Amino acid sequence: MNELVDQVVQVAERHVARADRDAVFPVEALAELRRTRLLGLLVPAEYGGLGGTLADVVDVGIKLGRTDMSLSMIFVMHCQQVAAVVRHAHEPFRADLLKRIGQGQVYLASVTTEAGKGGHLRSAESALSGDTALAVDRFAPIVTGGAHADGFLITMRSPDADSPNQVSLVYADRDQLEVTASGDWQPMGMRASHSVPMKLVGSVPGEQVIGEHGAFGDIATTIFAPLAHLGWSAAWLGTAAGALSRVLRMIRGKEGRDRFDIKSELLLTRLSTARQRLDGVHALLRRAEHVVATAPDLSQPVNQLLLNALKITAAEQCHAAVNDLVDAVGLRHGYLKDSPTRLELALRDLRSAALNYSNDRLHLADGRLALLDPEVRFV
């Protein structure tokens, strides 16, 4: 598998500067993900996939993040969607879709945001209608990679729902929908993610509901939220680790030895601090990965607190580590776009981490969860 990932990384490396400059989707890297069939990483082998594990998703997310954080985020979010199909889709639709994903034919985009509720997973404003055929009419202000997706997993209020919290997850092929992208994508960072507003209108068979109507809350607890926090954290860690690696290689090279005093206590302390931040995130990431893979009930407060702590900590510490490196190497190699360290790009990309399902929102949730665990247990 490492060889397959290396092939994707080589392609991504050739295009990362242009994709960031022009704010365009990494189509060449996506084509390589298709060719290597890494899009089918989580598809079981009996359906033609690679039969990978959660640990594999984390490993690949870190490795892709070392070169391109946008690409890594695109990949881990696709894997999140695939995991939901693997565990909750109904046969025979499940087998057919998994075979297509395993062959690299289907890149999945997630449609969970709505105007007025942001990325809150457990509620929906737009409602499905129908029974054997389900009418989809959905606007989402942010759909990462949606303009290039072959299929979509869409959250909508269940037919005849009594409250916004009765949410269903439904799959739609691109050719089952009229897909309209609107607006321009000109963000500070994550420019290659191409996360534009989209309008989706169409009709899908009832068999394409993932899980049961109104039961998306369970999928959110067991798959969407855990894999989001694990995958995002892997991408952020990879981005910061790649930045640190490029800085260390530069300092150790001839130009670096001439430019930097490697006996400087200030430089050594800043390098140490950056490495310490990343080792801490890595340890927390691997612990959370083990808990998600083995815990019988992820809804328990102690497990939710760990997963939220991972997301908050990774977002803060990975950005802080790169900021440390900017101070360590100074204006030429820390601030300018043309530096081989690419710190400027990493810093812009990582600034999105605390905003991507806001850390402030998670702190509020964690405060309530902490009150449910007065013994302050750890997992």
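Residues numbered from 1 in each chain as written. Predicted model: local features only at pLDDT ≥ 70, side-chain atom pairs only at ≥ 80, totals over all residues. Heavy atoms only, no water.

Undergrad: Help me understand the nonpolar core, please; the structure alone is not making it clear to me.
TA: Where a protein is soluble and globular, its nonpolar side chains tend to be buried together. F75, F152, I154, F224 and W236 are the most contacted members of the largest nonpolar core, which has 116 residues in total. At 20 residues, the largest contribution of residues to this core is made by helix α6 (residues 216-252). In this view, F152 contacts L108, A109, V111, G146, V170, Y171, A172, R174, L177, V179, M198 and L200; residues no more than four positions away in its chain are not counted. (Core = buried A, V, L, I, M, F, W, Y, C linked by side-chain atoms within 4.5 Å. Buried < 20%, exposed > 50% of the residue type's maximum accessible area, 1.4 Å probe, protein only. Helix = DSSP H or I, 4+ residues; strand = E, 2+ residues; numbered from the N terminus. Contact = heavy atoms within 4.5 Å.)

Undergrad: Explain the domain arrangement of the protein chain here, please?
TA: Note: interface size is frequently given as the accessible area lost on complex formation between the parts. If you check the domain split of the protein chain, you get domain 1 (2-102), domain 2 (108-210) and domain 3 (216-371). When each unit is reduced to the centre of its C-alpha atoms, the spacing between domain 1 and domain 2 is 20 Å. If you look at the interface, domain 1 gives 28 residues, while domain 2 gives 22 residues. Note on domain 1 versus domain 2: buried area summed over both sides is about 2000 Å², and carbon and sulfur give 65% of it. Among the residues domain 1 hides against domain 2, the three largest losses belong to F25, Q81 and F93. Together they make up 29% of the total. On the surface where domain 1 and domain 2 come into contact, there are 2 salt bridges. (Domains from an automatic or database assignment. Buried area = accessible area lost by both parts, 1.4 Å probe. Salt bridge = Lys/Arg side-chain N within 4 Å of Asp/Glu carboxyl O.)

Undergrad: What's the story with the pattern of salt bridges in this structure? I'm lost.
TA: Two side chains bearing opposite charge may form a pair once their charged atoms approach each other closely. According to the stated counting rule, one finds 20 salt bridges in the structure shown. Across the salt bridge formed by E13 and R342, the nearest N and O atoms sit 2.7 Å from each other. Taken together, the residues E13 in helix α1 (residues 2-22) and R342 in the loop between α9 (301-334) and α10 (343-350) connect sequence positions 329 residues apart. Residue class for E13 comes out partly exposed when judged on its relative accessible area of 36%.

Undergrad: Explanation requested: the environment of V201 in the structure shown.
TA: Among the secondary structure elements, V201 is positioned in strand β7 (residues 195-205). For V201, a relative accessible area of 33% puts it in the partly exposed group. Remark: the alpha-carbon pair of V201 and C79, spanning 122 residues in sequence, is separated by 24 Å. Setting aside anything within four residues of it in sequence, one finds V201 in contact with V136, D137, Q176, L177 and E178.

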